[in-house]
Amino acid sequence: MSFRHVVNVVGLLLIVVSLAMGASAVVGFLSGGGDGPGLALAAALTAAVGLGAHLATRFRDDIGAKEGYAIVAFAWTTVGLFGALPYLFTGTLSSVPAAVFESISGFTTTGATVFTDIEALPAGVLFWRSITQWLGGMGIIVLVIAVLPFLGVGGMQLFRAEVPGPTTERLRPRITQTAKLLWFVYLGLTTTQVVLYLFGGMSLFDAVNHAFTTLATGGFSTRNASMAAYDSAYIHYVTIVFMYLAGVNFALHYRAAAGHPPYLKEPEWRFYTGLILVAALLIAVVNLSTGSYGLTPAGIERSVRDGLFQVVSIVTTTGYITADYELWAPGAVALILALMLTGGMAGSTGGGIKSIRILLVLKHMGIQIRRHLHPRGVFLASVGGRVVREEIMDDVLGFVLLYGVILVAGIVGLSLLGVDAWTAVGAVFSSLGNIGPGVGDVGAVDNYGWMSGSELSLLTLLMLVGRLELYTIVLLFHPEMWARSGSRTRVRR
C-alpha cells in the first residue's frame, strides 16, 4: 500500500472541491448574505492543502487495486471533512460532528440535514449544499478521471471503487472517454431540468439548486417544506420525471441520446419501472380507500401524484417530499419503508441495494423453490436471455447479506446510543441507503439536528459505507488490505 499515491490523488480532489467552494463564495458575495468571506476562506484553505499535498507526493510508478480502494475511501472521507469548513467558517453550524454530517450527507447524496430552518440560511451556503450533492451524484473521482487524462489506465481502479452498482460499463475503450460521456449526459439533463423549472415559475436560484439535487438523487432543498413548498402539479411532475431518469443507468440515457433507445430491452429497467408503477398504484389505492384524499377528481389526482412522487423519491433515494407519508395508512408507510431497501439501477446516481441485485435475489429464490420441487433438475438464473454466472450470483448474495448485517448492526448501535428503536430503523435505513428522510423522529417532516455528536457520527459512517457500495470502506478494516501484495496497473505521471 502506497500512501504517497493516496495523498497525491486526494490532494487533487481537494483542489476540485475548492473550486466549488469558490463558486459558492461568489454566490455568497453577490447575494449579500454575509457568508461570502467564510466560504472564500474555506476555499482558500482547501486549495492550499490540496495543492501542497498533490505537489509534495508526485509519483511515477503504479496505482494498484488496493490503492484504488484506499484512494476512493480516503478521498471521500477527506472531502467530507473539508466540506464541513463552509458551515463552520460561516457560522451556520458550530458543532464539528453536525458540520461533518451535513457535508457527508451532501457528497453522498443522502439529503439528511441537521438544519431546522433551511430558508434562514444564506444563499452561498444553500448553493454549497446543493453543489456537494451534484458533485457526489456522478462522483468526484469520475469527474477528475474525465478531465485529467493521465489517470486513464489506473483510473479504472478508481472508477470501479466509486461508481454505484455491480457493473462498471464502458461506453468507450478508454475510461476517460466513458467518464466524459457520463458527465456530458449528467450536465445535459441538469440543464434541461433548470429550463423546465423556469417555465414553471421557479426562480433561477431555486431552479439551479433543485436541478443539482434532483439529478444527484440527493434531495437537499432551498425550502423547509421541500417540494411541498411548491403547490404546482407541473413542478411536481417535472421533478418526478427527472428523479426517475436519475435512477436509470446513465449509459442507457447516452445510448438513447445517440439514437438507439435500449430501455425496453433491459430487464433491470423493466423491473425498476414496474416496481415504481405497482408501488405507486398500491399506495394511491390505500390512501383513497382510507379517505385521506377524498373521492373527487382533484382528490384522486392528488393521491396519485403524491403516491407516485413519494415512491419515485424513495426508490431513487432522492428524498424529496410533497406529503408527510407517516400520516398515511400503516400499509402505505410499511411499503415506503420496504422501498428504502431497493434503490435505483446500477450506474445511476441512486443509492440503496440497486434494482439489479434485488432482481437477481428474487430469481435465485425462485430457483431454490423449484429445486425443492425437482431435486434432480438443473436450473440456471438468466437475465435478458443471458445466464448469470455463478460467481456473479455469489457476489450479489454476498453483498445483500453484508448489507443486511451492517443494517442490523447500525440499528443496534444507534439504539444503544439512546435512540428509540423505530427512529433507529428509519435513520439507519435512510443513511445506509443514502435516502434522507426515514421514519419516527427522522421522518418526512423532521430533521437530524436533535441527535448527539456520537449518533450523528455513526450515521455519517453509514452514509459513506452506503455510497461507496460497502466494500470500499469495509476493506479498510481488513488486514490483507495493508499487506505487501496485490496486482498493479501501470500509470505514468
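Fair warning: this is a prediction, and the values are worked out from it, not measured in the lab.

J.: Residue-level account of the nonpolar core, with values.
T.: Ranked by size, the top nonpolar core spans 142 residues in total, and within it Trp 128, Trp 328, Tyr 448, Met 451 and Leu 459 carry the most contacts. It is helix α1 (residues 3-31) that contributes the most residues to this core, 10 residues altogether. Once residues lying within four places of it in the same chain are set aside, the contact partners of Met 451 are Leu 414, Val 419, Ala 427, Val 442, Leu 456 and Leu 459.

J.: Break down the pattern of salt bridges for me, citing the residues and quoting the values.
T.: Enumeration over the complete set of coordinates arrives at eight salt bridges. Taking the shortest distance from any N to any O, the salt bridge between Asp 206 and Arg 223 comes out at 3.3 Å. With Asp 206 in helix α10 (residues 204-215) and Arg 223 in the loop between α10 and α11 (233-246), the pair connects residues that are 17 residues apart, well separated along the chain. With relative accessibility at 7%, the residue Asp 206 sits in the buried group. Take Arg 223: its relative accessible area is 28%, and that puts it in the partly exposed class. Among the charged side chains, a network of salt bridges with common partners joins Asp 231, Arg 302 and Asp 306.

J.: Outline unusual backbone geometry, listing residues and values.
T.: Of note in the backbone geometry, Lys 354 takes a positive phi value of approximately 95° without being a glycine. Relative to the assigned elements, Lys 354 resides in the loop between α15 (330-339) and α16 (355-373). Judged by its relative accessible area of 1%, Lys 354 is buried. Residue Asn 434 is not a glycine yet carries a positive backbone phi of 55°. For Asn 434, the position within the fold is in the loop between α18 (421-432) and α19 (453-467).

J.: Let's hear about the confidence of the model for the protein chain: which residues, and what values?
T.: Low pLDDT marks stretches whose predicted atomic positions should not be read closely. Per-residue confidence for the protein chain gives a mean pLDDT of 86, with 87% of residues at or over 70. Averaged pLDDT values over the elements of the protein chain bottom out at 44 in strand β4 (residues 488-490) and peak at 97 in helix α4 (residues 85-89). In this model residues 149-155 is a low-confidence stretch, pLDDT under 50, and it forms 18 contacts with partners more than four residues away in sequence or in other chains. In the predicted structure, residues 486-493 sits below a pLDDT of 50 and forms 31 contacts with residues beyond four places in sequence or in another chain.

J.: Now, about the environment of Leu 458: what can you tell me, with residues and values included?
T.: Mapped onto the fold, Leu 458 is located in helix α19. If we skip the residues at most four places from it in the chain, Leu 458 touches Gly 410, Gly 413, Leu 414 and Leu 417.

J.: Go over the packing of helix α6 (residues 123-138) against α10 with me, naming the residues and quoting the values.
T.: Contact geometry for α6 and α10: axes closest at 7 Å, N-to-C directions at 30°. The angle between α6 and α10 falls in the class roughly parallel. When the axes of α6 and α10 are compared, the crossing they make is left-handed. Here α6 contributes Ala 123, Leu 126, Phe 127, Ser 130, Ile 131, Gln 133 and Trp 134 to the contact with α10, which in turn contributes Phe 205, Val 208, Asn 209, Phe 212 and Thr 213. Of the residues assigned to the contact of α6 with α10, the class counts are eight nonpolar, four polar and no charged.

J.: Provide a residue-level description of the packing of aromatic side chains, including the pertinent values.
T.: Taken as a whole, this structure holds 12 aromatic pairs when the rule is applied. When the ring of Phe 101 is compared with that of Tyr 448, the centres are 5.5 Å apart and the planes differ by 40°; the resulting orientation is tilted. Here Phe 101, found in helix α5 (residues 96-107), pairs with Tyr 448, found in the loop between α18 and α19; they are 347 residues apart in sequence, far enough to count as distant. Look at Phe 101 and you get buried, because its relative accessible area is 0%. Accessibility expressed as a relative area gives 2% for Tyr 448, which makes it buried. Ring centres of Trp 183 and Tyr 186 lie 5.1 Å apart, and the angle between their planes is 85°; this geometry places the pair in the edge-to-face category. Highlighted residues: Trp 183 and Tyr 186, both in helix α9 (residues 175-199), separated by three residues, approximately one helical turn.

Definitions and cut-offs
Residues numbered from 1 in each chain as written. Predicted model: local features only at pLDDT ≥ 70, side-chain atom pairs only at ≥ 80, totals over all residues. Heavy atoms only, no water. Core = buried A, V, L, I, M, F, W, Y, C linked by side-chain atoms within 4.5 Å. Buried < 20%, exposed > 50% of the residue type's maximum accessible area, 1.4 Å probe, protein only. Helix = DSSP H or I, 4+ residues; strand = E, 2+ residues; numbered from the N terminus. Contact = heavy atoms within 4.5 Å. Salt bridge = Lys/Arg side-chain N within 4 Å of Asp/Glu carboxyl O. pLDDT = per-residue confidence, 0-100. Axes fitted to C-alpha atoms, helices over the stretch in contact; angles between N-to-C directions. Parallel < 35°, antiparallel > 145°, perpendicular 65-115°, else oblique. Left-handed = near helix turned anticlockwise from the far one by under 90°. Nonpolar A, V, L, I, M, F, W, Y, C, P; charged D, E, K, R; others polar. Phe/Tyr/Trp six-rings, centres within 6.5 Å; stacked < 30°, edge-to-face > 60°.

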